[in-house]
Amino acid sequence: MATDSWALAVDEQESTTKTIGNLRIMEAGDANSRQIDDDGDKSDEEEKEDRATQSLLNKLIRSNVVNNTNQVEVLQRDPNSPLYSVKTFEELRLKPQLLKGVYEMGFNRPSKIQENALPMMLAEPPQNLIAQSQSGTGKTAAFVLAMLSHVDPSLKWPQCLCISPTYELALQTGKVIEQMGKFYPEVKLAYAVRGHKMERGIKIKEQIVIGTPGTVLDWCIKLKLIDPKKIKVFVLDEADVMIATQGHQDQSIRIQRMLPKGCQMLLFSATFEDSVWKFAERVVPDPNIIKLKREEETLDTIKQYYVLCNSKEDKFNALCNIYGAITIAQAMIFCHTRKTANWLAGQLSKEGHQVALLSGEMAVEQRAAVIERFRDGKEKVLITTNVCARGIDVEQVSVVINFDLPLDKDGNPDNETYLHRIGRTGRFGKRGLAVNMVDSQRSMEILKTYERHFNKKIARLDTHDLDEIEKIAN
Ligand code: AMP
């Protein structure tokens, strides 16, 4: 994201920020914000929307590729053709205008996924690709480079078509196309997104179209602005988010059916559950397949404790005792409801802590701004509810407090969320500390489930014993 957009996001945050002492509480967000019940319950629709929101949030807060130590798995359609990868952008023989764009974006060398995917995507004749690669691995730049490389700027009609699951995600990808194509001004981009009113029958001249499935379909069929038969590259981004959104799967398939036989099809997805795989196979014939798996998180370097408490006030006192005994650079505290999070933020703030609060009612841009401020160390404590837990890189945070234990929407243990909150990926050798607040028989049972599931001891911590607390920091 451009720096000036960041400045805007922060300005926006600050202009909507109420200051109570040194507590920053966000006002309820704008049209993008969502209402989630205080008990943290989410309907299926909200759960689905979450994936798109999460993906957008990741894009907003990420400025570089995430280091991933997993091997890239490559399955070639033709196993006899030589497998080749590149270590430099020069090796790809990109058009000079594009190479300049790539360097201007600050990319020195291809990311892991780009090393393998780019030669395949730029090959002649064009090859189809299904790639599993999550946010942060450089896949957007990869397919944008492929589109820009295949365009013939002298032809004034759409040749590359990219579909994204949401308006906001389409705009983000559009930005990357604009940045990378900065020195290639003959190539133009059109946004097929809601609100972009077009007249019927006037053929558009832009060579690249990025949009959401519904509008793209309208532009092809109803308004006849695009001749799908002239498309040479088709990109379907975030396939997993796409199929989780009502109607998008069918619309995507309908678009794909209109494309000519030789059209290059590229599909990306962060995850590859069966439903995504079936969809990918329908949309991308004869694919090459590239997989870069998410790095596994582990609890191996985390010291885990639990504290017995009777009430939220009791939990707060325990927290204060921990803060009184050990030096905590930065901590994340997870609460189950917005109400508790707000209350706790107020209490900690009264104690003189610099607190940031992240909750599901905030617009995604506001959330991104809060995360960025926390990352910059402007606040030392980040309090968040379940809805915001995903997608935040906690690597820099040394202490995680589960003020409430993570639960799924039925109130049962949620191993994945527990791991995600407190776990670390292998590349960060740093040790971490996790403290779980247990306030009932039921939460004790849940804690034991986590202990059993991960086969890692969670030791009891007496927060009235300062010496004992001091020991856990060593
Ligand atoms: P993505 O996986 O497309 O969400 O990209 C994640 C981030 O990595 C974006 O901020 C990109 O600008 C950045 N990025 C992509 N490719 C490279 C590269 N080769 N070198 C450095 N940063 C990159």
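Refer to the structure presented above.
Now for a look at the structure at hand. Per chain, residues are indexed from 1 in the order of the written sequence. Note on the predicted model: pLDDT of at least 70 is required for a residue's local features to be given, and 80 or more for side-chain atom pairs to be given and counted; whole-chain, interface and lining totals, by contrast, use all residues.

### Regarding the overall build of the chain
Consideration 1: Counting from the N terminus, the helices are DSSP H or I runs at least four residues long and the strands are E runs at least two residues long. Summing up its helical and strand segments, the chain has 16 helices and 19 strands in all.
Consideration 2: To sort residues by burial, count the other C-beta atoms lying within 10 Å of each one's C-beta; a count of 20 or more means buried, 12 or fewer means exposed, and anything in between means partly exposed. C-beta atoms are built from the backbone. Within the chain, the proportion of its 474 residues that are buried is 44%.
Consideration 3: In the chain, once contacts between residues fewer than 6 apart in sequence are set aside, the share between residues at least 24 apart is 78%. By the convention adopted here, residues make contact when the C-beta atoms placed from their backbones lie within 7 Å.

### A closer look at the environment of Y418
Consideration 1: The residue Y418 is located in helix α14 (residues 415-422) in this model.
Consideration 2: Y418 sits in the buried class, given 25 other C-beta atoms within 10 Å.
Consideration 3: On a C-alpha basis, the gap between Y418 and N402 in space is 9.0 Å, while along the polypeptide they are 16 residues apart.
Consideration 4: Setting aside chain neighbours within four positions, we find Y418 in contact with P406 and Y450.

### Remarks on the packing of helix α9 (residues 248-257) against helix α10 (residues 274-283)
Consideration 1: Every axis corresponds to a line fitted to the C-alpha atoms, with the helix fit spanning only the stretch in contact, and the corresponding angles, defined between N-to-C directions, vary from 0 to 180 degrees. Where α9 contacts α10, the two axes come as close as 10 Å, and the packing angle between them is 20°. The angle between α9 and α10 places the two elements in the roughly parallel class. Handedness of the α9/α10 crossing: right-handed. Between α9 and α10, the residues in contact are Q249, S252, I253 and Q256 and F279, R282 and V283, respectively. Here is the rule for angles: anything less than 35 degrees is roughly parallel, anything more than 145 is roughly antiparallel, 65 through 115 is roughly perpendicular, and the remaining ranges are oblique. By convention the crossing between two helices is left-handed if the near helix lies anticlockwise of the far one by an angle smaller than a right angle, and right-handed if it lies clockwise.

### Quick word on the environment of E168
Consideration 1: With respect to the secondary-structure elements, E168 resides in helix α6 (residues 167-180).
Consideration 2: Residues E168 and A52, 116 residues apart in the sequence, show an inter-C-alpha distance of 9.0 Å.

### A word on the site of the ligand
Consideration 1: Of all residues adjacent to the ligand, which total 16 residues, the nearest are V65, F107, G138, T140 and A141.
Consideration 2: The biggest single contributor to the shell around the ligand is helix α5 (residues 139-150), with 3 residues.
Consideration 3: Residues that form the shell around the ligand fall into these classes: 4 nonpolar, 9 polar and 3 charged. Residues are classed as near a molecule or strand if the C-beta position derived from their backbone is within 6 Å of it. Think of it as three bins: nonpolar holds Ala, Val, Leu, Ile, Met, Phe, Trp, Tyr, Cys and Pro, charged holds Asp, Glu, Lys and Arg, and polar takes everything else, Gly as well.

### Topic: the nonpolar core
Consideration 1: Only buried Ala, Val, Leu, Ile, Met, Phe, Trp, Tyr and Cys residues enter a nonpolar core, and they are joined through C-beta atoms within 7 Å. Ranked by size, the top nonpolar core spans 119 residues in total, and within it M147, L267, I333 and I383 carry the most contacts.
Consideration 2: Two domains each donate at least three residues to this core, and these are domain 1 (68-293) and domain 2 (302-472).
Consideration 3: Dropping the residues within four chain positions of it, L267 is found in contact with I130, L236, A239, A280, V283 and V284. These domain limits were set by an automatic method or by a database of domain assignments.

### Overview of α10
Consideration 1: Taken as a whole, α10 has its buried residues at V276, F279, A280 and V283. Axial view of α10: buried residues confined to an arc of 100°, hence all on one face. Looking at α10, the residues exposed on the side facing more than 90 degrees away from the buried face are D274, K278 and E281.
Consideration 2: Looking at the buried residues of α10, the elements they touch are β4 (129-132), β8 (233-236), α8 (239-244), α9 and β9 (264-269). Taken from the helix axis, the directions to the C-beta atoms give the arc we talk about.

### Quick look at unusual backbone geometry
Consideration 1: Note the cis peptide between E124 and P125, where omega equals -5°.
Consideration 2: Among the structural elements, P125 can be located in the loop between α4 (112-122) and β4.
Consideration 3: Although it is not a glycine, K224 adopts a positive phi angle of roughly 50°.
Consideration 4: In this structure, K224 sits in the loop between α7 (213-222) and β8.
Consideration 5: Not every positive phi belongs to a glycine, and D286 is a case in point at roughly 40°.

### Comments concerning the sheet that holds strand β5 (residues 160-163)
Sheet strands line up and pair through hydrogen bonds in the backbone, either parallel or antiparallel.
Consideration 1: Two strands are counted as paired when DSSP detects at least two bridges linking them. Read from one edge of the open sheet, 8 strands run β3-β10-β4-β9-β8-β5-β7-β6, paired in mixed fashion. At either margin of the open sheet sits one strand with a lone partner, and together these are β3 (72-75) and β6 (189-192). Neighbour-to-neighbour, the strand axes of the sheet open up by a mean angle of 15°, direction not taken into account.
Consideration 2: Here β3 runs beside strand β10 (residues 288-292); their pairing, made up of 4 bridges, is antiparallel. By the bridge assignment for β10, L75 is matched with I289.
Consideration 3: Its contacts with the sheet place α4 against β3, β4, β9 and β10, and it is angled at close to 170° to β10.
Consideration 4: Across the sheet, α6 is in contact with β5, β6 and β7 (208-211); its angle to β7 comes to roughly 155°.

### Considerations on α7
Consideration 1: Buried within α7 we find P213, T215, V216, L217, W219 and C220.
Consideration 2: Taken together, the buried residues of α7 touch β5, β6, β7 and α9.

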